[in-house]
Structure formats: structure tokens, C-alpha cells
Amino acid sequence: TPADYLALRSGLSGLSTLAASSALLIAVELPEPRSILGLLVSENYFDVLGSHPSLGRTFRPDEGQPANAAVAVISHNLWRSAFNRDDAVIGRPIRVAGRVVQIVGVAAPGFAGAAVRLGRQGPDIWLPLALAEQASDSAAALRAGGLSFVARLKDGVDAAEVLAAAQVLASTLAAAAASQPGSASVSGVVMFQPPDRPTTILLTMVIPTLVLVIACVNAASLTLARGSRQRRDVAIRLAIGAGRGRVVRQLLFESFLL
């Protein structure tokens, strides 16, 4: 629950940052009504994942409060398909889950957050977690689906230390809520993001280019050595009556196979 998130965020001292998220289908008007995959996130979600928007900004700390939560970040795909790559989309109001929110940013191309690790489709829109407190349908979905967490370890802290602290804290929260016995697990997250600079692609091509150059040099050396050996064969063929056209055709055919 959101209360559990606040307790984990303040109680796990081995983490430098902790973000929460909850996926759900959200009704939007763009301007035609449709349902898209959305993610309710804490205001520090993009900072924890180290992602910068391609346009506009991500959420500010004060937008973690319900009074300031009427904002949204849309995916690069949604910006391209629904808004035709319009730079003026920043500041545009859209209706989400029955209320008007303002678009403040467009996520980087290919950014899907922690959904990449799970092999899921990335969301089309990100909304502050505090917005669920004002939208009854979002709050109900949030209570049903629960929260997922992603965090960064502090330097020098082992994941096992965080796991031990999280298990104790989960048991304490479960006991306070008189629910089932609480448990926690901690696992690593590997993020794969598409390269955002042409130099990255060029650097990855260095090794295959060197391999191709070496192969070309070897092939050229073999061709020269083979050509010098064939001079005697060509002279014999011409001496016994072979036409120049036939010899040229044979050499071209052999070169084509090579």
C-alpha cells in the first residue's frame, strides 16, 4: 500500500532511493476515448532509474502531493502516434481517468522502466502515485494490484543487508495491519536501454570492421599468390590452342566463386 511504501522508504537505510509503481489500464481521451497501459509512480521514479525525458521534464518532488498531482509524462510512442511528434504537447491538458491532467514531459525513446526486466510492454503514460488518492477507480485498482518497488543501493551496502532489514520491516507492517505474515525478497535489476548517441553505435562497429579488414587483406594476399601460380597454367593453355576469351572466362568464373 502507499503507507507501506512510505515506511519502506524511510525504514531501509541501506537504500539511497526507493521508488514505487503500480500498472493499470487507464481511460484517456486523445481526443477519442481509449484505454492505454499506465503506471502510477512515485515522484522520484524517473530519478531512481536515471532516465531523462526527450522533451519537457519528469515529476517534481512537490508533485508527490495530491494537490499537485494533476500531471503526466507520456511515452515516446504515444507522443509519435497520438500527437504527431508535436513539440507543443508540453503543457497540453488531457483527460485521464475522468480528470484533467497536464502533460509535462515525453519519455526517452524506448524507455519502459522496470517493465523491461519483466519482459512486459512498456506503459504509454506515467502518473503520480498521489493522483490515485483523488480518482476512485485508480485507487481501487491500486489496492487490488499493490505496488512494485525499485531502488538503488548505497555505496558499500550489500543486497543481503537490505533483504534482512526488509524482511523485519515487512513482518512489522503485516503485524500492525493484522494481515498475513509479511515477507520480502530482494533481487537485482538489469536495465537495457537503446543507445541514444550515434557514437555508441560507431564504437560497437570497431571490432567487426577490423575483422572485415583482416579478412579482405588475407583474401587479397591469397588472390595475388594464386595469380602468380596461374601464370604458367595460362601460358600452357594458350600454347595448346585455347582462345583468350575462354581463358578470360575461366579466370572470371574462378574469381566470382572466390
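See the structure above.
Since we're looking at a predicted model, the values are computed, not measured.

Conventions used here
Residues numbered from 1 in each chain as written. Predicted model: local features only at pLDDT ≥ 70, side-chain atom pairs only at ≥ 80, totals over all residues. Heavy atoms only, no water. Phe/Tyr/Trp six-rings, centres within 6.5 Å; stacked < 30°, edge-to-face > 60°. Axes fitted to C-alpha atoms, helices over the stretch in contact; angles between N-to-C directions. Helix = DSSP H or I, 4+ residues; strand = E, 2+ residues; numbered from the N terminus. Parallel < 35°, antiparallel > 145°, perpendicular 65-115°, else oblique. Left-handed = near helix turned anticlockwise from the far one by under 90°. Contact = heavy atoms within 4.5 Å. Nonpolar A, V, L, I, M, F, W, Y, C, P; charged D, E, K, R; others polar. Expected span 1.5 Å × (residues − 1). Bend = angle between axes of the 7 residues up to and from the residue. Buried < 20%, exposed > 50% of the residue type's maximum accessible area, 1.4 Å probe, protein only. Pairing = 2+ DSSP bridges. Polar contact = N/O pair within 3.5 Å; in protein donor to acceptor, adjacent residues only side chain to side chain. Salt bridge = Lys/Arg side-chain N within 4 Å of Asp/Glu carboxyl O.

**So, the packing of aromatic side chains**
Thinking step 1. A full pass over the atoms with the stated rule returns six aromatic pairs.
Thinking step 2. Cluster of aromatic residues (ring-pair linked, three or more members): Tyr-45, Phe-46, Phe-59, Phe-111 and Trp-126.

**Examining the packing of helix α8 (residues 206-239) against helix α9 (residues 244-257)**
Thinking step 1. Two numbers describe how α8 lies on α9: the axes approach to 11 Å, and their chain directions differ by 150°. When the interaxial angle is binned, α8 and α9 end up roughly antiparallel. Handedness of the crossing formed by α8 with α9: right-handed. Facing α8, whose interface residues are Arg-226, Gln-230, Val-234, Arg-237 and Leu-238, α9 presents Arg-244, Val-247, Gln-250, Leu-251 and Glu-254.
Thinking step 2. Tallied by class, the residues present in the contact of α8 with α9 amount to four nonpolar, two polar and four charged.

**Quick word on α8**
Thinking step 1. The end-to-end C-alpha distance of α8 is 49 Å, a good match for the 50 Å that 34 residues give at a rise of 1.5 Å each.
Thinking step 2. Taken as a whole, α8 carries its principal kink of about 35° at Gln-230.
Thinking step 3. Positive backbone phi, approximately 110°, marks Gly-241, located one or two places after α8.

**Details of the pairing of strand β5 (residues 93-96)**
Successive residues of a regular strand alternate their side chains across the two faces of the sheet.
Thinking step 1. The alternating pattern of β5 places Ile-94 and Val-96 on a buried face and Pro-93 and Arg-95 on a face that is not buried.
Thinking step 2. Relative to β5, strand β1 (residues 15-29) runs antiparallel, the two sharing two bridges. When the bridges of β5 are listed, Glu-29 appears paired with Arg-95.
Thinking step 3. Examined bridge by bridge, β5 and strand β6 (residues 99-106) share four bridges and lie antiparallel to one another. Opposite Ile-94, over in β6, you have Val-101 as the bridge partner.

**Topic: the side chain of Glu-43**
Thinking step 1. Within the fold, Glu-43 resides in the loop between β2 (33-41) and α2 (45-49).
Thinking step 2. Owing to a relative accessible area of 17%, Glu-43 belongs among the buried residues under this scheme.
Thinking step 3. Polar side-chain contacts of Glu-43 include one of 3.2 Å to the side chain of Arg-9.
Thinking step 4. Excluding residues within four positions of it along the chain, Glu-43 makes contact with Arg-9, Phe-59, Arg-60, Pro-61, Glu-63 and Gly-64.

**A few points about the pattern of salt bridges**
Thinking step 1. Evaluated as defined, the whole model comprises seven salt bridges.
Thinking step 2. Here Arg-57 makes a salt bridge to Glu-63, at a shortest N to O gap of 2.8 Å.
Thinking step 3. Residue Glu-63 is classed as buried on the basis of its relative accessible area, which comes to 2%.
Thinking step 4. Between Glu-63 and Arg-60 there is a salt bridge; the shortest N-O distance is 3.6 Å.

Remember that the coordinates give geometry; whether it matters functionally is a separate question.
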